[in-house]
Structure formats: C-alpha cells, structure tokens
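Spelled out, the chains give:
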Amino acid sequence: MASDATFQLVYVSAAKATFSPAALGQLLMKSRVNNHRVGVSGILVHHAGSFFQVLEGHRDVVETLFRRISIDPRHHRIQALLRQSVAQPSFGDWSMGFVEGAQRELGGLPGFNDFFRRGFELTEVSGKASSAKELLLAFRAGRFRQFVDV
Ligand code: FAD
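Residues numbered from 1 in each chain as written. Predicted model: local features only at pLDDT ≥ 70, side-chain atom pairs only at ≥ 80, totals over all residues. Heavy atoms only, no water.

Trainee: Just to check I follow, could you spell out the site of the ligand for this structure?
Mentor: Close to the ligand lie 17 residues, the nearest being Lys30, Asn35, Gln53, Arg68 and Asp72. Interatomic distance of 3.0 Å between a side-chain N/O atom of Asn34 and an oxygen atom of the ligand. Contact distances for the ligand include 2.8 Å between an oxygen atom and a side-chain N or O atom of Gln53. Relative to its unbound accessible area of 910 Å², the ligand is 65% covered by the protein chains. Broken down by secondary-structure element, the contributors of at least two residues to the shell around the ligand are α1 (21-37), β3 (50-57) and α2 (59-70). In terms of residue count, α1 provides more of the shell around the ligand than any other element does, five residues in total. (Near = heavy atom within 4 Å. Polar contact = N/O pair within 3.5 Å; in protein donor to acceptor, adjacent residues only side chain to side chain. Areas by Shrake-Rupley, 256 points an atom, 1.4 Å probe, with all protein chains shown as cover. Helix = DSSP H or I, 4+ residues; strand = E, 2+ residues; numbered from the N terminus.)

Trainee: Would you mind showing me how to read the packing of aromatic side chains here?
Mentor: The relation between two aromatic rings is expressed through the spacing of the ring centres and the mutual angle of the planes. A complete count under the given rule lists three aromatic pairs for this structure. For the ring pair Tyr11 and Phe66, a centre distance of 5.2 Å and an interplane angle of 45° mean the geometry is tilted. Here Tyr11, found in strand β1 (residues 7-15), pairs with Phe66, found in helix α2; they are 55 residues apart in sequence, far enough to count as distant. Ring geometry for Phe52 and Phe139: centres 5.2 Å apart, planes at 40°, overall tilted. Taken together, the positions of Phe52 in strand β3 and Phe139 in helix α5 (residues 131-140) put the pair 87 residues apart, joining distant regions of the chain. Neither Phe52 nor Phe139 differs from the other in exposure class; each is buried. (Phe/Tyr/Trp six-rings, centres within 6.5 Å; stacked < 30°, edge-to-face > 60°. Buried < 20%, exposed > 50% of the residue type's maximum accessible area, 1.4 Å probe, protein only.)

Trainee: Help me out: how do you make sense of the confidence of the model for the protein in this one?
Mentor: Detailed conclusions should not be drawn from predicted coordinates in areas where pLDDT is low. Mean pLDDT over the protein stands at 80; residues scoring 70 or higher make up 73%. Across the protein, element-level confidence peaks in α2 with a mean pLDDT of 97 and bottoms out in helix α4 (residues 115-118) with 53. Confidence drops under a pLDDT of 50 for residues 122-127, and excluding neighbours within four residues, the segment shows nine contacts in the predicted structure. (pLDDT = per-residue confidence, 0-100. Contact = heavy atoms within 4.5 Å.)

Written out as structure tokens, the structure is:
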C-alpha cells in the first residue's frame, strides 16, 4: 500500500528567458546538490523553453521545494499535473534529461540523463508504468508543453 513516505509531484512550466546549455547545467548541478540534501529524487526535462519535472520524496519536503521553485522568476505558467503517494520512487536519483539539443554540451555532467536518446525503461517492477513515467513519455511525445514566448 502506498504511503506518504514517498510523494510524487509532477509539474510543467515555461521558461521566461532562453536557457543556455550553461544555464541548464548550472540549474542541474544546483538542483542535484539541494535535492540530495533533502532526500528528493526525480527528473527535470527541458525542451525548447518548456520544463517538465518530477519531484519525489517526503510530502512536506516536496511541497516546500515546489513552493520555492514556483516563485523562481526564471519560469512561469507553472501547472501541477499530478500529486500522488507511491509505494516506491520511480526515479532513484536526481537527473535531468532533454528532449533534444544540449546533449553534446551537458552529456558529461553527473546527473545528466540521456534516456531520450537511449530509450527509456517504461515498466516498473510490477510491470505497470507509473503515471509519472507515463506523463514523462507524453511530454517527450509533445504533450503538456507550455506556451513559451521568449
Ligand atoms: P540560490 O541558487 O543562491 O538562489 C537564490 C535566489 O536567486 C533564488 O530566489 C533563485 O530563484 C534566484 N536565482 C538563482 N539563480 C538565478 C538566475 N540564474 N537567474 C535569476 N534568478 C536566479 N531548485 C532545487 O533546489 N531543486 C530543484 O529540483 C529545482 N528545480 C527547478 C526547476 C526549474 C524549472 C527552475 C526554473 C528552477 C528550479 N530550481 C530547483 C531552482 C529553485 O527555483 C531555486 O532557485 C533554488 O532552489 C534556490 O537555491 P538556493 O536556495 O541554493 O539559492
């Protein structure tokens, strides 16, 4: 039975200004350090100004982090897609992936996730995809991308 011990929050947002590969790399490293400190795992995906992020950890910690991310002036149009308790995290570590672009610049960074190139393990141990992963795959396919006007 799922408990509040692992809580997942999925949201999408739009960048307010263009993120260079260097700025994305900085965001990845900062987020990795911060999230590791508070026991949060997940994934951050960026495509052409649209962000998709899964945060997972203790519910209070995840909600507090999401509030902080929500007031970050670098993005807007933040829309939560999913909040749920799960039996176990879907993303064991903190990572960032890209639908396309920036792989060359960021491929060597710890935490860089190139599953968009390599393919992606859809199934959980139970053989069923989690909703967070389904949403991620839908984002990869072009859904939920936020209107970007930069
Ligand atoms: P600092 O990094 O020192 O930031 C202090 C303040 O400056 C914050 O208000 C911050 O919003 C602002 N700031 C920092 N860099 C810039 C910049 N280049 N331009 C303008 N303002 C800036 N943080 C996490 O810890 N974990 C995450 O998973 C995470 N995901 C994010 C996803 C997205 C799409 C975005 C846009 C930001 C994300 N952040 C994440 C960053 C988060 O919003 C805060 O900036 C960060 O948590 C603050 O870290 P800090 O307390 O160490 O302060």
